[in-house]
Amino acid sequence: MTQLSFAIKGDICHSLAPRQLECVEGGCAVCEDGRSAGVFRALPEQYAGLPVLDCTGRLVLPGLVDLHVHASQFAYRGTGMDMELLDWLNACAFPEESRFADLDYAARAYGRFVEDVVRGPNTRACVFATAHVEATLLLMDMLEKSGLVTMVGKVSMDTSAPDGLREPDAPSAARAVRSWLEAAQGRYERTQPMLTPRFIPSCSDALLRELGAIQRESGLPVQSHLSENRGEVQLVRELCPWSAFYGAAYDEYGLFGGDGCDTVMAHCVLSEEPELELIRERGVYIAHCPASNMNVSSGIAPVRRFLDMGLRAGLGSDVAGGTLTSIFRAMADAIQVSKLRWRLVDESLPALTAPEAFWLGTAGGGALFGTGSFKPGMEFDAIVLDDSRYVPEPAGDLPTRLERTIYLSENRDIEHKFVRGLRLF
Ligand code: GUN
Ligand code: FE
């Protein structure tokens with residue numbers, strides 16, 4: 001039987017709040033039936049019978065959470081990075097995604113993606129597949145088998161792209177979603193479907209209405225893109241002149257958070273006050289994707305504002321807008337772009353600190369999944385890292401080691417990985 005109750009002994013760091021790290025050197029993180037029982041200086045009497053994995057001197061961190069990644073774009077990372085978003089979608093993303101009609105190709109491309117994420121520090125992800133039902137199920141089968149815990153979306157897109165790169169019309173796009181959900185029903189324990197209208201310009205009003213109806217029937221979570229890039233926001237204004245702002249167009253169809261509708265919106269680089277207010281009111285999660293925002297010339301999201309407003313927020317790799325899946329990289333990028341924003345755009349919004357970036361990439365995004373820290377009751381995801389390669393003696397205090405890990409760690413430094421209590425390696 002798989003062992004889901006154990007303790008890990010090592011140098012533990014996790015976030016209690018955006019500005020509050022808890023660090024325990026030589027402590028114990030206890031997992032009971034796949035859930036955290038807490039972090040202790042010494043193993044409490046009541047857990048004395050548990051097996052203990054001795055990782056003395058190693059860092060023990062919560063698994064990282066990627067709130068926004070396109071599995072279908074992994075194969076062509078680093079292509080077209082001199083373009084802006086809308087041109088890049090037409091030139092690179094849509095043609096590549098159309099290849100997933102071929103299941104052999106999908107198996108190879110998704111195989112590489114899954115292998116990469118398993119070896120890296122992320123334990124959870126909200127994943128975009130493509131519009132293809134069969135290939136999306138194949139990706140879900142592969143993710144399920146990997147031990148990662150993910151939410152996966154068959155992409156819905158029935159307009160504003162050439163034939164062959166989009167679904168033919170709203171009724172057939174809605175039928176495809178229903179048949180995908182039927183096939184996924186009861187098939188997975190660690191892989192959940194997520195409704196995925198690509199973005200407002202890709203979806204007709206009729207399709208958004210259908211997706212809203214499916215959301216209300218099923219209670220499934222929703223993911224999409226919001227206020228990412230100037231050209232895109234302008235296009236939405238032209239397509240939906242009736243909508244007060246971009247987010248209100250999703251909201252019109254019941255695809256923007258609220259009770260029973262967990263929602264992740266990627267980017268929010270250009271969201272203005274009324275949109276941010278609605279995001280707060282509806283408890284929508286913002287996936288901040290700094291690498292992508294640089295690569296496709298979207299700008300710098302006001303993350304300090306998100307934190308000050310108490311919005312739900314996490315980090316996304318947005319591969320292949322971003323190039324690397326590791327959310328450590330997204331943490332470093334988030335800090336760096338926040339410094340540029342502070343220096344060049346708005347000196348009233350201070351840059352992110354390392355603990356804040358760490359919170360975003362763990363507990364911030366993890367809240368969607370009920371994980372992201374070792375607080376009692378959280379689902380237990382952990383990575384054990386050997387930082388001795390890049391932190392020579394004396395190693396220094398734990399917050400310093402954590403900061404250096406954000407900037408310097410590589411997959412080869414990860415010794416063990418646990419997801420919902422299951423040890424992947
Ligand atoms: N908006 C709609 N589709 C996409 C996509 O594939 N990547 C990014 N970054 N933005 C999008
Ligand atoms: Fe994206």
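Report on the accompanying structure. Keep in mind the model is a prediction, meaning the values are calculated, not measured.

### Brief notes about the coordination of the iron ion (ligand 2)
Inference 1: Within the protein, the atoms that donate to the iron ion (ligand 2) are His68 (NE2), His70 (NE2), His225 (NE2) and Asp318 (OD), at distances of 2.0 to 2.2 Å.
Inference 2: The sequence pattern formed by the donor residues of the iron ion (ligand 2) is H-x1-H-x154-H-x92-D.
Inference 3: Since its relative accessible area comes to 3%, histidine 70 is described here as buried.

### Examining unusual backbone geometry
Of all residues except glycine, most have a negative phi; of all peptide bonds, most are trans.
Inference 1: The linkage connecting valine 319 with the following residue, alanine 320, adopts the cis geometry, with an omega of 10°.
Inference 2: Position of alanine 320 among the secondary structure elements: in the loop between strand 14 (312–315) and helix 11 (327–344).
Inference 3: With omega at -10°, the peptide bond leading from glutamate 393 into proline 394 counts as cis.
Inference 4: With respect to the element layout, proline 394 can be found in the loop between strand 15 (382–385) and helix 13 (398–408).

### A closer look at the environment of lysine 145
Inference 1: Mapped onto the fold, lysine 145 is located in helix 3 (residues 133–146).
Inference 2: Remark: the alpha-carbon pair of lysine 145 and leucine 226, spanning 81 residues in sequence, is separated by 31 Å.

### Details of the pattern of salt bridges
Inference 1: Per the counting criterion, the structure on display carries 24 salt bridges.
Inference 2: Residue aspartate 333 pairs with arginine 329 through a salt bridge whose shortest N-O separation is 3.1 Å. With aspartate 333 and arginine 329 both in helix 11 and 4 residues apart, the pair spans about one turn of that helix.
Inference 3: Residue class for arginine 329 comes out partly exposed when judged on its relative accessible area of 40%.
Inference 4: Here the residues in one salt-bridge network are Arg124, Glu379, Asp381 and Arg420, joined through shared partners.

### Quick notes on the packing of helix 3 against helix 4 (residues 170–184)
Inference 1: Running from N to C, helix 3 and helix 4 cross one another at 30°; their axes reach a closest spacing of 10 Å. Judged on the interaxial angle alone, helix 4 and helix 3 are roughly parallel. The chirality of how helix 3 crosses helix 4 is right-handed. Residues Val133, Thr136, Leu137 and Met140 of helix 3 pack against Ala176, Ser179, Trp180, Ala183 and Ala184 of helix 4.
Inference 2: Per-class residue counts for the contact of helix 3 with helix 4 are 7 nonpolar, 2 polar and no charged.

### Thoughts on the sheet that holds strand 6 (residues 122–128)
Inference 1: The sheet built from 4 strands is open, its strands ordered 5-6-7-9 with parallel pairing. Looking at the sheet topology across the chains shown, the edges are occupied by strand 5 (64–70) and strand 9 (191–193). Pairwise comparison of adjacent strand axes, ignoring direction, gives a mean angle of 20° for this sheet.
Inference 2: Pairing geometry for strand 6 and strand 7 (residues 149–153), over 5 bridges, is parallel. Within strand 7, the position partnered with cysteine 126 by the bridge is methionine 151.
Inference 3: Each of strand 5 and strand 6 touches helix 11; the most contacted strand, strand 5, lies at about 90° to it.

### A few points about the packing of aromatic side chains
Inference 1: Considering all chains together, one arrives at 12 aromatic pairs under this definition.
Inference 2: An angle of 5° between the planes, with centres 6.4 Å apart, marks the rings of tyrosine 250 and phenylalanine 256 as stacked.
Inference 3: Judged by its relative accessible area of 0%, tyrosine 250 falls in the buried class.
Inference 4: The class for phenylalanine 256 is buried, based on a relative accessible area of 0%.

### Digging into the nonpolar core
Inference 1: Grouped together as the largest cluster of nonpolar side chains are 110 residues, with contacts concentrated most on Leu61, Trp88, Phe113, Leu139, Tyr250, Ile279 and Met331.
Inference 2: Residues within four places of leucine 139 in sequence aside, it is in contact with Ala71, Tyr110, Phe113, Val114, Val127, Ala129 and Val152.

### Focus on helix 13
Inference 1: Buried within helix 13 we find Leu398, Arg401, Leu402, Thr405 and Ile406. For helix 13, the buried positions fall inside an angular range of 145° around the axis, keeping them on one side.
Inference 2: The inward-facing, buried residues of helix 13 contact strand 1 (6–17), strand 2 (20–32), strand 4 (52–62), helix 11, helix 12 (354–366) and strand 15.

### A closer look at the sheet that holds strand 16 (residues 414–419)
Strand pairing in a sheet is mediated by backbone hydrogen bonds. Such pairs are either parallel or antiparallel.
Inference 1: A sheet is described by the order of its strands in space; here 7 strands give the open sequence 3-2-1-4-15-16-17, paired in mixed fashion. At either margin of the open sheet sits one strand with a lone partner, and together these are strand 3 (35–40) and strand 17 (422–423).
Inference 2: Sheet analysis places strand 1 next to strand 2, joined by 10 bridges and oriented antiparallel. When the sheet's bridge partners are listed, cysteine 13 is paired in strand 2 with cysteine 23.
Inference 3: Packed onto the sheet, helix 12 meets strand 1, strand 2 and strand 4 and runs at close to 115° relative to strand 1.
Inference 4: Contacting strand 1, strand 2, strand 4 and strand 15, helix 13 runs over the sheet at an angle of about 65° to strand 4.

Conventions adopted
Position numbers for residues count from 1 along each chain, tracking the sequence in the order it is written. Written order decides the labels, with chains lettered from A and ligands numbered from 1. For this predicted model, a pLDDT threshold of at least 70 governs which residues receive local features, and a threshold of 80 or more governs which side-chain atom pairs are given and counted, while totals over whole chains, interfaces and linings are taken from all residues. The side-chain values count all of the structure's non-hydrogen atoms but skip hydrogen atoms and water molecules. Here a donor is any nitrogen, oxygen or sulfur atom (N, O, S) within 2.8 Å of the metal, with 3.2 Å used for Na, K and Ca; water is not among the atoms considered, so some sites may look incomplete. Each residue's exposure class comes from its accessible area (1.4 Å probe, protein chains only) as a fraction of the maximum for that residue type: buried when under 20%, exposed when over 50%, partly exposed otherwise. Starting at the N terminus, helices and strands are each numbered in turn, a helix being any DSSP run of H or I of at least four residues and a strand any DSSP run of E of at least two. Definition used for salt bridges: Asp or Glu carboxyl oxygen within 4 Å of a side-chain nitrogen of Lys or Arg. Lines fitted to the C-alpha atoms define the axes, with helices restricted to the stretch that makes contact. Angles between their N-to-C directions range from 0 to 180 degrees. Working definition: roughly parallel below 35 degrees, roughly antiparallel above 145 degrees, roughly perpendicular at 65 to 115 degrees, and oblique for all remaining angles. Take the far helix as your reference; a near helix turned counterclockwise from it by less than a right angle gives a left-handed crossing, and one turned clockwise gives a right-handed crossing. In what follows, residue pairs with any heavy atoms lying within 4.5 Å of each other are defined as contacts. All residues other than Ala, Val, Leu, Ile, Met, Phe, Trp, Tyr, Cys, Pro, Asp, Glu, Lys and Arg, Gly among them, are scored as polar; the first ten of these are nonpolar and the last four charged. Two strands are said to pair when DSSP picks up at least two bridges between them. Pairing of aromatic side chains here covers Phe, Tyr and the six-membered ring of Trp, requires ring centres within 6.5 Å, and sorts the geometry by plane angle: under 30 degrees stacked, over 60 edge-to-face, intermediate tilted. Definition used in this section: a nonpolar core is a set of buried Ala, Val, Leu, Ile, Met, Phe, Trp, Tyr and Cys residues joined via side-chain atoms within 4.5 Å. The arc in question is the one traced by the directions running from the helix axis out to the C-beta atoms.

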